[in-house]
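The lines below spell out each chain.
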Amino acid sequence: MSEQASRRPVVVSAVGVVPPAYPGPGRSEDRLVDAMVAFWRSEIEAVLPDRPDLILLPELCDRYEGIDPAARIALQPAMQAAMRPALAELARSASCYLGYASAMPDADGIWRNAVTVIDRSGVEAGSYAKNWLVVTETEFGLVPGCGPAVIETDFGRIGAAICFDLNFLELLEGYRPLQPDLMIFPSRYHGGTMQPYWAYQLRSHFVASVGVGNLTSDAWSPVGRRIAASTNYAPTVTTMINTNCAVVHLDFNRPGLKALKRARGRAVTITDPGELGAVMITGEDPAVPVAGLLAEYEIEPLDAYFERSRHHNDRHRR
């Protein structure tokens, strides 16, 4: 995490809206592009009263539903040329981060299925390219990405996975040492139990924006508990997450947890999802990092406990 970042409560909006239907080949390229820009500007402006710190759009958000492959490929350069500056201006004017997921060229001109995070000033903060494409995606000229990517923000580190990626634990294991505070998941597929599994395995919040009409967009805590979800009536969900948190096991930590709560009261929240054996400690005061509280009250983090257990069992096996 950068020196300027502060893990703290932040508001996130997942705009899991289905893109508009393709009106047919009779429309000009300019009209198609302008209509898509206007569509997403309207959807984004609808969540701005909540003053989100991060807005996440779904995978391939600027692809018309039902468009044939040839027209889609032909339209994409013009779509990119218009969408990027329009979304950058929205992010700048709202002073928020914005996750834009689309087919886009990288710095070498190679087309990827990717998500770019635009920062509060309208500048690209970083991007991630989908590592695991569905086999048909390469037929549209897309090339898979290579490995995980973390993006520094003023509230912590963001990692990303896109759609089919969620099935490949190689990517999850690549993120584990990078310790993201938040995983974003723009998608056209829900993933079911894989969403909370990734959240818990990475000890990270997880926010999904799923652009399919009958599927929800969700936010999950680092202990795999659903924080919020869209509904059949509202495809967009806005909620608060707090990146000033840590996951610990109950083993050997109960005295420290009791002492922490007794001393800090409402300044800390201890969330037990049940049946897991692990709990999440959330610091409600951004000026007091949870990592410092763990050290002060001698509370062992979950991964440190698991690593200690590995070493202990390895010694006894020998």
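Preceding this section is the structure that the text describes.
Quick caveat: nothing in here was measured; it's all calculated off a predicted structure.

Trainee: For this particular structure, what's the right way to read the overall build of the protein chain?
Mentor: From N to C terminus, the protein chain includes seven helices and 15 strands. Relative to its length of 318 residues, the protein chain is compact, with a C-alpha radius of gyration of 21 Å against a globular reference of 20 Å. Counting the 318 residues in the protein chain, one finds 50% classified as buried. Excluding contacts between residues fewer than 6 apart, the proportion of contacts in the protein chain whose partners are at least 24 apart in sequence is 63%.

Trainee: Help me understand the nonpolar core in this model?
Mentor: The tendency in soluble globular proteins is for nonpolar side chains to be buried side by side. Counting residues in hydrophobic clusters, the biggest one holds 39 residues, and the most contacted among them are L54, Y128, Y175, L182, I184, W198 and F206. With residues up to four places along the chain from it excluded, the contact list for L54 reads V11, V12, S13, Y97, L98, G99, F155, I158, L182 and I184. Listed in part, the 32 residues of the second largest apolar core include W40, A71, A86 and A91.

Trainee: I'm lost on the sheet that holds strand β11 (residues 226-229) in this one. Help?
Mentor: Sheets are built from strands paired through backbone hydrogen bonds, the pairs being either parallel or antiparallel. In spatial order, the strands read β6-β7-β8-β9-β10-β11; together these six strands make up an open sheet with mixed pairing. Each end of this open sheet is capped by a strand with a single partner; those strands are β6 (150-153) and β11. On average, each strand axis in the sheet is tilted by 20 degrees relative to the strand beside it, whichever way the strands run. Inspection of the sheet shows β6 paired to strand β7 (residues 156-160) by four bridges, in the antiparallel sense. Bridged to V150 within β7 is G159.

Cut-off values and rules
Residues numbered from 1 in each chain as written. Predicted model: local features only at pLDDT ≥ 70, side-chain atom pairs only at ≥ 80, totals over all residues. Heavy atoms only, no water. Helix = DSSP H or I, 4+ residues; strand = E, 2+ residues; numbered from the N terminus. Rg over C-alpha atoms; globule rule 2.2 N^0.38 Å. Buried < 20%, exposed > 50% of the residue type's maximum accessible area, 1.4 Å probe, protein only. Contact = heavy atoms within 4.5 Å. Core = buried A, V, L, I, M, F, W, Y, C linked by side-chain atoms within 4.5 Å. Pairing = 2+ DSSP bridges. Axes fitted to C-alpha atoms, helices over the stretch in contact; angles between N-to-C directions.

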